[in-house]
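The primary structure of each chain is shown beneath.
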Amino acid sequence: MNTRRGTEVGANHKLAPVQMADQALRQLHVQWESMVDPMGVFAPLVHAQLGWWSHPQELAESMVGFSGQLWALQWHSLRRMIGAPSIDPVRPHEDDTRFNDPVWHDSATWDLVKSWYLMTTRHTQDMLYTTPGLSSAERRRAAFWWRNWLNAVAPTNFLMTNPVALRKAAETLGGSLHTGWQNFVDDMQAGMVRMSDPDGFQVGGNLATTPGEVVFRNALVEVIHYAPTRNRVRARPVVIITPWINKFYILDLNERKSMVRYLLDQGLDVYITSWKNPGADQRDVSFDDYIVDGVHATIEAARAQSGQPTVHAVGYCIGGTALSTYMAWANRRFGADAMPVADWTLLTTLVDFRKPGDIEVFVDEASVNFITSGMARKGYLDGGQMASAFRLLRSNSLIWHFAVQSWLYGEKLPAFDVLFWNMDTTRMPYRMHSWYLRELYLHNRLIEPNALTVAGEPIDLNQIAQPMYVVSAEDDHIAPWQQTFRIVHFVTAEKRFVLSSSGHILGIVNPPTKPAKRRYWAETAHRADRWEAWRERATPTDGSWWDDWMRWLKPRSGALVRARPAADAAHPSLAPAPGLYVQEH
């Protein structure tokens, strides 16, 4: 027995240098990628090329299939050239609006330009997604970067290959080109392709207009308490933890779209966070600070002013991830009996980052190293960089659509409140965001019991015992609902899961309307549920999930009491809503 143990030890000892060499080579590879290709743009494309070259049989089969498609396209081209009728061998997808103008079909010339472009791009994408010998992650990354290149070189993006732009130039005697050039110059000065008229809105003027007062402020957050719209309100306040990667007023756009105003009209007492837009002087603000000086301080401010022992907490996006961390932290720090949060709601929130959606193309060791080194130099991640990354995920609709409309057509930018908010970016402090990228996105440690220690407490989501209402969006590409569903596997408490139609923003900013614009699915979720089983049980309902939320929340929010003013002598106003921090750029 001792001999065998000695043999095993000897074998392990012999393997150690090999393991060390392997680790050194991996580190060298990461360092090389960080210097040469930090965002992983070219490496996956090279790997895809090598993958096809090393599988000649599969390459030949793919080329034979493509040659058949090309033959059909050439026959279509011949028929169109001689004026004979022909059915398009390739058509744009339903959500591809680039070729909607009738000229792309009616004119044989422009129909062929469109068809050859679509045929080539489709085949390229299909080959990348089916590259032999490549991992699924590398396939998606290669397809992502090549898709963005193909989107950029679409014929619709250039004056001489866009018949609509040429027609407008002729109709306006060049006026559209003159206006488009000025729009182009303005975008270059702004450092981005603008999506909305920057002068069309004013925060506190026609956005974020719900009356309220800032009743708490520290170096990280302002807490706004809103003025009641009812004489009597539910005793337990609602505290909304907003994401700090954008500004809070997405939940208070205008009277018709405001979740805040809706909650007030339902007789609820509402507090919300407005985060500081950090500069280089706050480079060392940590995730711990966001939990203690942000989430906890906000909840404590609401408890102190309302006089209530507990609150209902709501977390949206990264604010929901922070709230989930806080719930585990507070259960460990205070115990279930002294928890300051009685129940909680999550909106499009990830806690399991194993499959974080399309954003995963930016999440690998080399990319994170590149991003964090840039933050280390400046002290923060610029909000424009984050916005650009998210816009690349849907480059046709979020970049090139606006470039064509503005630069080539010379059209005035629309005044669209959600797009204005999207351009109103914020910064992220270096220490917090580098930790967040590495520990959550890269290593996915939030779901591992006690793998993270935040503000002195080991974090274990299994410790959370407070009832939970979870909302996700069917078309969310930032926090895919199949992944956000996974929180039900970690939290032991009662859970109601809701799936709304639409995406990350409009699935949440979803006020009730008549007739109903959207629908939702709602059903109790069990810890052992898979998302497929829950979806089969859930019943679709036309309308807004806000109504279902109120049926769940109001009975839990205490008795009706006299409405409290937004500010009082013990908690004086520091500024009228929407406060000072939201105005920082």
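Up top you'll find the structure we're talking about.
Definitions and cut-offs
Residues numbered from 1 in each chain as written. Predicted model: local features only at pLDDT ≥ 70, side-chain atom pairs only at ≥ 80, totals over all residues. Heavy atoms only, no water. Pairing = 2+ DSSP bridges. Helix = DSSP H or I, 4+ residues; strand = E, 2+ residues; numbered from the N terminus. Contact = heavy atoms within 4.5 Å. Axes fitted to C-alpha atoms, helices over the stretch in contact; angles between N-to-C directions. Salt bridge = Lys/Arg side-chain N within 4 Å of Asp/Glu carboxyl O. Buried < 20%, exposed > 50% of the residue type's maximum accessible area, 1.4 Å probe, protein only. Core = buried A, V, L, I, M, F, W, Y, C linked by side-chain atoms within 4.5 Å. Parallel < 35°, antiparallel > 145°, perpendicular 65-115°, else oblique. Nonpolar A, V, L, I, M, F, W, Y, C, P; charged D, E, K, R; others polar. Expected span 1.5 Å × (residues − 1).

A. Seen up close, the sheet that holds strand E6 (residues 311-316). Taken in spatial order, the 11 strands line up as E15-E14-E13-E12-E7-E6-E4-E5-E2-E1-E17 in an open sheet, and their pairing is mixed. The strands lining the two open edges of the sheet, one partner per strand, are strand E15 (539-542) and strand E17 (575-576). On top of the sheet, helix H11 (residues 318-334) reaches strand E4 (238-241), E6 and strand E7 (341-347); it is set at about 150° to E7, its chief contact. Running over the sheet, helix H19 (residues 545-553) touches E4, E6, E7, strand E12 (468-473), strand E13 (495-500) and strand E14 (519-524) and is turned about 175° from E12.

B. Expanded view of the pattern of salt bridges. Under the definition given, this model contains 28 salt bridges. Residue aspartate 424 pairs with lysine 247 through a salt bridge whose shortest N-O separation is 3.0 Å. In this pair, aspartate 424 is assigned in the loop between helix H15 (417-423) and strand E9 (428-429) and lysine 247 in the loop between E4 and helix H9 (259-265), connecting sequence segments 177 residues apart. A relative accessible area of 5% means that lysine 247 is categorised as buried. The closest approach of N and O atoms between aspartate 352 and arginine 486, which form a salt bridge, is 2.4 Å. You can see aspartate 352 sitting in the loop between E7 and helix H12 (365-378) and its partner arginine 486 sitting in the loop between helix H17 (481-484) and E13, a full 134 residues away along the chain. Take aspartate 352: its relative accessible area is 1%, and that puts it in the buried class. One continuous salt-bridge network, built from bridges that share partners, spans Arg80, Asp88, Asp111 and Lys114.

C. Spatial organisation of the nonpolar core. One finds Trp244, Tyr249, Leu263, Tyr326, Trp344, Trp545 and Trp549 to be the most contacted residues of the largest nonpolar core, which totals 124 residues. Sorting elements by how many residues they give to this core places H11 first, with eight residues. With residues up to four places along the chain from it excluded, the contact list for tryptophan 545 reads Met259, Leu347, Tyr469, Val471, Val498, Ser500, Gly507, Ile508, Asn510 and Tyr520. Ranked by size, the runner-up nonpolar core spans 17 residues in total, among them Val90, Phe99, Trp104 and Tyr409.

D. A look at the packing of helix H10 (residues 287-306) against H11. Interhelical geometry of H10 versus H11 gives an angle of 80° and a closest axis separation of 10 Å. One finds that H10 runs roughly perpendicular with respect to H11. On the side of H10, the interface is formed by Phe287, Ile291, Val292, Val295, His296 and Ile299, while H11 contributes Ala322, Leu323, Thr325, Tyr326, Trp329 and Phe334. For the contact of H10 with H11, the per-class residue count stands at 10 nonpolar, two polar and no charged.

E. Expanded view of helix H6 (residues 136-152). Look at H6: 24 Å from first C-alpha to last across 17 residues, which is about the 24 Å you get at 1.5 Å a residue. Residues of H6 that are buried include every one of Arg141, Ala142, Ala143, Phe144, Trp145, Asn148, Leu150, Asn151 and Ala152, and no others. Residues of H6 that are buried sit in contact with helix H2 (43-53), helix H5 (108-129), helix H13 (383-392) and helix H14 (395-408).

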